[in-house]
Structure formats: structure tokens, C-alpha cells
Amino acid sequence: MELNDRVCVTLAACGAQILNEKNHRLQKISPHLSWKTDYKEGDDYSDQLWSLLADFQGQYCCGERPPFYNIRGCEDEF
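Conventions and cut-offs
- Counting restarts for each chain, with residues numbered from 1 along the sequence as it is written.
- The predicted nature of this model means local features are confined to residues of pLDDT at least 70 and side-chain atom pairs, given and counted, to a pLDDT of 80 or more, with totals for whole chains, interfaces and linings taken over all residues.
- The basis for every side-chain value is the complete set of heavy atoms in the structure, and neither hydrogens nor water enter the calculation.
- Strands here are runs of E lasting at least two residues and helices are runs of H or I lasting at least four, both read from the DSSP assignment and numbered beginning at the N terminus.
- For each residue, the accessible area found with a 1.4 Å probe, counting protein chains only, is set against the maximum for its type, and the residue is called buried under 20%, exposed over 50%, and partly exposed in between.
- Polar contact is defined as a pair of N or O atoms within 3.5 Å, subject to the rule that within protein one atom must be able to donate a hydrogen and the other to accept it, and that residues adjacent in sequence are counted only when both atoms are side-chain atoms.
- Should DSSP find at least two bridges between two strands, the strands are regarded as paired.
- Only the stretch in contact is used when fitting a helix axis, every axis being a line fitted to C-alpha atoms; angles between N-to-C directions are given from 0 to 180 degrees.
- In this description, a nonpolar core means a group of buried Ala, Val, Leu, Ile, Met, Phe, Trp, Tyr and Cys residues linked to one another through side-chain atoms lying within 4.5 Å.
- A contact between two residues is defined here by any heavy atoms of the two lying within 4.5 Å.
- The disulfide criterion used throughout: a pair of cysteine sulfur atoms within 2.5 Å.

### Considering the environment of Thr10
Right, so step 1: Position of Thr10 among the secondary structure elements: in strand E1 (residues 6–11).
Right, so step 2: On the basis of relative accessibility, which here comes to 8%, the residue Thr10 falls in the buried class.
Right, so step 3: As for Thr10 and Pro67, which are separated by 57 residues in sequence, their C-alpha atoms are 8.8 Å apart.
Right, so step 4: In terms of polar contacts, Thr10 uses its side chain to reach the side chain of Asp44, at 3.1 Å.

Listed below in C-alpha cells is the structure:
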């Protein structure tokens, strides 16, 4: 797997919360764009691996809950 590869993950509850908070902030900055703000535990999420790691930075420390599980390659493209 390469950093530019598109990956799919299943969100844990804390991962869904992180994405919702991030997208709420982005929605305030760019309200003319459509940002999904209703992720929930168990939802699938896909992006490039490097972007996924950036979205969840700080969540890979000892004692932190994993923000996602079931990482896998995606067949769909951007």
C-alpha cells in the first residue's frame, strides 16, 4: 500500500466525532461547499491514505482509542 492509494476504513465512534467536528469547522470557512457532518460509528469512509492519516493525527498514541478499523484498499477512484 502506498500513501497515495485510496483506502476505505470503518469509523469508530471517536473517528466519526473527529470527522464531524473537522467538517463543521470547514463548513463555517467555506459554507458554499458541501461538507458531510453526520458520520456515525460503523460508517465507511474513504480517502487517500495520506489524507486519512492527517485527518486523525494525534490519535495514534498509546492510550488513545483507534479512530477507525478494517482498513482496506478501495476499488473506486476519485
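More follows now that the structure is in view.
### Re the sheet that holds E1
Right, so step 1: The antiparallel open sheet is built from three strands, whose spatial order is E2-E1-E3. This sheet does not close on itself; its edge strands, each paired only once, are strand E2 (44–48) and strand E3 (68–73). Neighbouring strand axes in the sheet, compared pairwise and without regard to direction, differ in orientation by 25° on average.
Right, so step 2: Of the pairings in the sheet, the one linking E1 to E3 comprises four bridges and is antiparallel in character. Within the sheet, the bridge partner assigned to Cys8 lies in E3 and is Arg72.

### Section: the nonpolar core
Right, so step 1: Listed in full, the twelve residues of the largest apolar core are Val7, Val9, Leu11, Ala16, Ile18, Leu19, Tyr39, Tyr45, Leu49, Leu52, Phe56 and Phe68.
Right, so step 2: If we skip the residues at most four places from it in the chain, Leu11 touches Ala16, Leu19, Tyr39, Lys40, Glu41, Gly42, Asp43, Tyr45, Phe56, Pro67, Phe68 and Tyr69.

### Thoughts on the state of the cysteines
Right, so step 1: Counted by the stated rule, this structure contains one disulfide.
Right, so step 2: Shown here is the disulfide that connects Cys8 with Cys74, its sulfur atoms set 1.6 Å apart. Looking down the S-S bond of the Cys8 and Cys74 bridge, the torsion is 135°, so its handedness is right-handed. On the criterion of sequence distance, the pair formed by Cys8 in strand E1 and Cys74 in the segment after E3 is long-range, its members being 66 residues apart. There is no split in this pair, since Cys8 and Cys74 are both buried.
Right, so step 3: Among the cysteines around Cys14, which has no disulfide bond, Cys61 carries the closest sulfur, lying 12 Å off.
Right, so step 4: Looking at Cys14, the relative accessible area reads 8%, which means it is buried.

### Considering the side chain of Asn23
Right, so step 1: With respect to the element layout, Asn23 can be found in helix H1 (residues 13–29).
Right, so step 2: Discounting chain neighbours no more than four positions away, the residues touching Asn23 are Trp35, Lys36, Thr37 and Tyr39.

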